[in-house]
Amino acid sequence: MATGTAKASGTAAERGGAHKRATRALQALNFFMADMQAGIGPFLGVFLQQRGWTAGPIGTVMTAGGVAGMVMTVPAGAFIDHTEKKRLVVIVTGICTVLASFLILLSQAGWVVTVSQVATAIAGAAIGPAVTGMTLGVVRQAGFNAQNGRNQAWNHAGNMVGAGLSGWLGWKFGMPAIFYLAAAFGVLAIASVLMIPERAIDHASARGLEAKQDKDADAGKGQAEGFAALFHTKPLLILAAALACFHLGNGAMLPLYGLAVVGAGKGDAALFTAMTVVVAQAVMILAALLAMRMAAGRGYWLVLLISFAALPLRGLLAGSFIEHWGVWPVQALDGIGAGLQSVAVPGLVACMLDGTGRVNVGQGAVMTVQGVGASLSPAIGGWLAQAIGYRAAFYILGSFALISLALWIGFAAILRPACAGARPSQGA
């Protein structure tokens, strides 16, 4: 008996150790994958501008990438729900992201840049659901809000550090150095995902079947609901529509503000672009941690309301102050909006679809709908700026979030109960 007890406790200790290693590795993965995914993205506009591109075509190639990513998010989410090779997905897509970015160094021809952006977007469509699925599989539904909040804080820290290094390297050695930094972060991201013990991931919980698994040991293999579950969840549809309107205005803000200030000769291309990212990501770290606490105390509804309200004010400030110092208030508001959403959206989708077995498909579906807005935004913003000027473009882009606010407040009676899922139940 004593031997059996010792063996059981040893096994429990091993499981606890694997869990701790997995959560730490998830945080490291989120830190390094940030620059791997977005390291060149914020700098792409000014990189192409220096090589003779104008605002309209730059916005169009960014939109091409956005559309490709949008189309792939639902299939990617379905694949993540199905596969138990989630770590391999991150490794393969990480390699593809780095290689696709290097294509732009070889040639700035229109079709090459477009292919690179499309490939990067497709890889990114798979990485997001894979990391979300692994997180849910490691910490389960009860621990997801807290762990996702920490993941997002580390992700924003990675973006901030990566952008700061990119700006310094771009200023010191030229824009191509930014591509090499992204590759280095990609290697470290792959090393991080390999540190996650496979046994620490419960693949049934990773797709939202934890409750059913408790009742049926085979639930993870065959009891997922059909895709119609997504359309029957009305709060999920309202959330997706509100996010689509928000990103229709938000998607073009950062690259356009960089183009506006640098084009007016009020900032160095690499350093100013880095500053736009560093300021936003620094605020996002705090916003992500705040969102985690707010969601645990008051649910997700208020968190998302504040995030939607940040964009109209951001558009007003961006259009009023096209100055080097304007990066501080304009990008701080970006940090508030995006930082709150980075925690609230995955957590809310996981709560809404808990028990359906379609959590990652739902994440992909929401990403797809909001991707409609995000992919159209650079093209709309770019051509608006070219036709009527940057100031008017910023005012128009900021106004799209007023629709998000109207949806969120108008359907509050439906949304508030669904958004309360992050809070501990009264029974607990």
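Keep in mind that this is a model prediction, so the values were computed, not measured. (Residues numbered from 1 in each chain as written. Predicted model: local features only at pLDDT ≥ 70, side-chain atom pairs only at ≥ 80, totals over all residues. Heavy atoms only, no water.)

(A) Highlighting empty space enclosed by the protein. The full count for this structure, using the stated rule, is 4 cavities of 30 Å³ or more. Here the second largest cavity is characterised by a volume of approximately 60 Å³. Contributing to the lining of the second largest cavity are Ala55, Ile58, Gly59, Met62, Ala252, Pro255, Leu256, Leu259, Pro378 and Gly382. If you list the elements that add at least two residues to the lining of the second largest cavity, you get helix H3 (55-82), helix H12 (253-263) and helix H16 (359-388). Take the lining of the second largest cavity: its biggest share by element is 4 residues, from H3. Class assignment for the residues of the lining of the second largest cavity results in 8 nonpolar, 2 polar and no charged. (1 Å grid on protein atoms, 1.4 Å probe; cavity = no way out; pocket = protein on both sides within 12 Å on 5 of 7 lines; lining within 4 Å. Points joined across faces, edges and corners; volume = space filled by probe spheres on them. Helix = DSSP H or I, 4+ residues; strand = E, 2+ residues; numbered from the N terminus. Nonpolar A, V, L, I, M, F, W, Y, C, P; charged D, E, K, R; others polar.)

(B) Up close: the confidence of the model for the protein chain. Averaged over the protein chain, the pLDDT score is 84; the fraction of residues at 70 or greater is 88%. For the stretch residues 1-10, pLDDT sits under 50, and the model shows 0 contacts to residues farther than four places along the chain or on other chains. The model gives residues 217-222 a pLDDT under 50, and that stretch makes 6 contacts with residues more than four places away or in other chains. (pLDDT = per-residue confidence, 0-100. Contact = heavy atoms within 4.5 Å.)

(C) Fine view of helix H18 (residues 401-410). All of the buried residues along H18 are Ala401, Ser404, Leu405 and Trp408. Viewed end-on, H18 has its buried residues packed into an arc of 100°, placing them on one side of the element. Among the exposed residues of H18, those oriented more than 90 degrees off its buried face are Ala406 and Gly410. Packing partners of the buried residues in H18 comprise helix H11 (234-250), helix H14 (301-320), helix H15 (327-352), helix H17 (390-399) and helix H19 (412-419). (Buried < 20%, exposed > 50% of the residue type's maximum accessible area, 1.4 Å probe, protein only. Arc of directions from axis to C-beta.)

(D) The packing of aromatic side chains, seen in detail. Enumeration over the complete set of coordinates arrives at 12 aromatic pairs. Geometrically, the ring pair formed by Phe31 and Trp154 is edge-to-face, given 6.1 Å between the ring centres and 75° between the ring planes. Here Phe31, found in helix H1 (residues 2-38), pairs with Trp154, found in helix H5 (residues 110-173); they are 123 residues apart in sequence, far enough to count as distant. Residues Trp168 and Phe173 carry aromatic rings whose centres are separated by 6.0 Å and whose planes lie at 85° to one another, so their mutual orientation is edge-to-face. For Trp168, a relative accessible area of 43% gives the class partly exposed. Assessed through its relative accessible area of 56%, Phe173 is described here as exposed. Taken together, the aromatic side chains of Phe31, Phe32, Trp154 and Phe185 make up a single cluster linked through ring pairs. The residue whose ring lies beneath Arg51 is Phe47, and the NZ or CZ to ring-centre distance is 3.9 Å. Of note, Arg416 hangs over the ring of Trp301, and the distance from its end group to the ring centre comes to 3.8 Å. (Phe/Tyr/Trp six-rings, centres within 6.5 Å; stacked < 30°, edge-to-face > 60°. Lys NZ or Arg CZ within 6 Å of the ring centre and 35° of its normal.)

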